[in-house]
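Secondary and tertiary structure notes
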Amino acid sequence: VQLQASGGGLVQPGGSLRLSCAQSERTGSSYSVAWFRQAPGMDRNTVAAIHRIGGRIYYADSVKGRFTISRDNARNTFYLQMNSLRPEDTAVYYCATDPSVISSNLASQSAYRYWGQGTLVTVSS
């Protein structure tokens, strides 16, 4: 499976962006999907994820109430809607997917074998 992330850019604090991750194959809901981010000089962290079984959703505490992860199986695409953006949300955002993620590892980067190339989000006035 190949992933193509898009939608990054420059936005002012308080603004919104929607990231998209297009999948090269029709996976339906049989794959778990996730978004991660890496700020300059920092480790990559989990932002949000959806498990393939039951649709359980994980959000990092720092984005709860502001970000929404969703998927459109008909379009083979999943999304990250980001509202009320803050300067500390500035990072390269990566999408990832895998059919074998177990529920307890939903937020674990090592559970995902297929990654997109990353898209840069800059929040600045």
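Below or above, wherever it landed, is the structure these notes cover. Counting restarts for each chain: residues are numbered from 1 in the order of the written sequence. Only residues with pLDDT of at least 70 are given local features in this predicted model, and only at 80 or more are side-chain atom pairs given and counted; all residues enter the totals for whole chains, interfaces and linings. Working from all heavy atoms in the structure, the side-chain values ignore hydrogens and water.

**A look at the overall build of the protein**
Looking only at helices and strands, the protein has zero helices and eleven strands in total. Labels follow the DSSP assignment, with helices taken as runs of H or I lasting at least four residues and strands as runs of E lasting at least two, numbered in each case from the N terminus. When the elements of the protein are put in sequence order from the N terminus, they spell out β-β-β-β-β-β-β-β-β-β-β. For the radius of gyration, the atoms used are the C-alpha atoms, and the globule rule reads 2.2 Å times the number of residues raised to 0.38. Computed over its C-alpha atoms, the radius of gyration of the protein comes to 13 Å, within 12% of the 14 Å expected for a compact globule of 125 residues. Taken along the three principal axes of its C-alpha coordinates, the protein extends 40 × 25 × 25 Å. Across the 125 residues in the protein, those meeting the buried criterion constitute 43%. Here, residues are in contact when the closest pair of their heavy atoms is within 4.5 Å. Put simply, 60% of the contacts in the protein that link residues at least 6 apart link residues at least 24 apart. Accessible area for the protein stands at about 6200 Å²; split by element, carbon and sulfur atoms hold 45% of it. A 1.4 Å probe rolled over the protein chains alone gives each residue an accessible area, and that area as a share of the maximum for its type sets the label: buried under 20%, exposed over 50%, partly exposed in between. Using a 1.4 Å probe, accessible areas were evaluated by the Shrake-Rupley method; residue-level cover was limited to the displayed protein chains.

**Quick look at the pattern of salt bridges**
Here, a salt bridge means any Lys or Arg side-chain nitrogen found within 4 Å of an Asp or Glu carboxyl oxygen. In this structure the tally under the stated criterion is five salt bridges. Between Arg66 and Asp89 there is a salt bridge whose closest N-O contact spans 2.8 Å. Of the two residues, Arg66 is situated in the loop between β6 (57–59) and β7 (67–72) and Asp89 in the loop between β8 (77–82) and β9 (91–98); the sequence distance between them amounts to 23 residues. The pair Arg66 / Asp89 is uniform in exposure class, with both members buried. A salt bridge links Asp98 to Arg113, with the shortest nitrogen-to-oxygen separation between them at 2.6 Å. Of this pair, Asp98 sits in strand β9 while Arg113 sits in the loop between β9 and β10 (114–115), and the two are 15 residues apart along the sequence. Through salt bridges that share partners, Arg37, Arg66 and Asp89 make up one connected network.

Keep in mind these values describe shape, not function.
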